[in-house]
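Examination of the molecular architecture
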Amino acid sequence: MIVSASVTRVLLAGAAVAALTLASAPVHATPSPARPSAATSAPAVATSTAAKAGSVSLRPPLVKVLARVNAVRAKHDAKPLKIHRCLTVTVAQPWAVHLTKIRKLVHRDLAKVFDMCPGFSRLGENIAYGYPTAASVMNGWMHSAGHRKNILSKSYTRIGLGLARTSDGTRYWVQNFGG
């Protein structure tokens, strides 16, 4: 199962207001949710086998997601996204861990992310679970209109990535976009 969302901060009568767009679309061959049990999560961000991406160390599956995102963006004349520390460490990774604990796909309140990671005027989020590899989750996201739109949006310049596993190995993936 995968779900996408985006939010744009706009000024109305001098007050900042967030406008949310939510798209939910099941994808073919999506694994069914695992039975709830005690969840454990993968290491937060860095491990000894992590690859360096910007100022954030990403585990190998997330390095692969970033590479796939930027490869598909290049095919659509969009600039590569740069990893953003706050979107990764403060937003995406903790949210992936949270999703493993509740065993549901729900979006973070993106309006709050404007305060958590200042400097953005628009934000987006893709979440998914059950996909075992970076290739499979990217395939799912790219075959869903809302997710594809977030990945290819030329309005986004930064990305945060998160990945956590439940005790039975089910992976929860998070992409946060900022522009």
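Structural data are supplied above this passage.
This write-up is about the structure you can find in this document. (Residues numbered from 1 in each chain as written. Predicted model: local features only at pLDDT ≥ 70, side-chain atom pairs only at ≥ 80, totals over all residues. Heavy atoms only, no water.)

**Structural notes on the pairing of strand 7 (residues 158-165)**
Most of strand 7 is tucked away: six of the eight residues are buried. One ladder, built from two bridges, connects strand 5 (residues 82-83) with strand 7; its direction is parallel. Within strand 7, the position partnered with K82 by the bridge is R158. Between strand 7 and strand 8 (residues 171-178), which pair antiparallel in sequence order, lie five residues; one of them, G169, sits at a positive phi of approximately 95 degrees. (Buried < 20%, exposed > 50% of the residue type's maximum accessible area, 1.4 Å probe, protein only. Helix = DSSP H or I, 4+ residues; strand = E, 2+ residues; numbered from the N terminus. Pairing = 2+ DSSP bridges.)

**A short note on the pattern of salt bridges**
Within the structure shown, the criterion is met by one salt bridge. D168 serves as the salt-bridge partner of R103, at 3.5 Å between the closest nitrogen and oxygen. Of this pair, R103 sits in the loop between helix 2 (85-102) and helix 3 (110-116) while D168 is found in the loop between strand 7 and strand 8, placing the two residues 65 residues apart along the sequence. (Salt bridge = Lys/Arg side-chain N within 4 Å of Asp/Glu carboxyl O.)

**Section: the state of the cysteines**
Under the defined criterion, the tally for this structure stands at one disulfide. Linked covalently through their sulfurs, C86 and C117 form a disulfide whose S-S length is 2.0 Å. On the S-S bond that ties C86 to C117, the torsion sits near -85 degrees, and the link is left-handed. Residue C86 is found in helix 2, and its partner C117 is found in the loop between helix 3 and strand 6 (122-129); the two are separated by 31 residues along the sequence. C86 sits in the buried class, given a relative accessible area of 16%. Accessibility expressed as a relative area gives 1% for C117, which makes it buried. (Disulfide = S-S within 2.5 Å.)

**A few points about the packing of aromatic side chains**
As enumerated under the stated definition, the model contains two aromatic pairs in all. Residues Y129 and Y172 carry aromatic rings whose centres are separated by 5.4 Å and whose planes lie at 20 degrees to one another, so their mutual orientation is stacked. Here Y129, found in strand 6, pairs with Y172, found in strand 8; they are 43 residues apart in sequence, far enough to count as distant. We classify Y129 as buried; its relative accessible area is 7%. A relative accessible area of 2% means that Y172 is categorised as buried. (Phe/Tyr/Trp six-rings, centres within 6.5 Å; stacked < 30°, edge-to-face > 60°.)

**Details of the pairing of strand 8**
Across the eight residues of strand 8, eight count as buried, placing the element largely inside the fold. Where burial is concerned, the two faces of strand 8 agree: the one with R171, W173, Q175 and F177 and the one with Y172, V174, N176 and G178 are both buried. Looking at chain direction, strand 6 and strand 8 are connected through seven bridges and run antiparallel. What sits directly across from N126, in strand 8, is Q175.

**A closer look at the environment of R68**
Tracing the backbone shows R68 in helix 1 (residues 60-75). As for R68 and A135, which are separated by 67 residues in sequence, their C-alpha atoms are 7.8 Å apart. Residue contacts for R68: discarding those within four places in its chain leaves A134, A135 and M138. (Contact = heavy atoms within 4.5 Å.)

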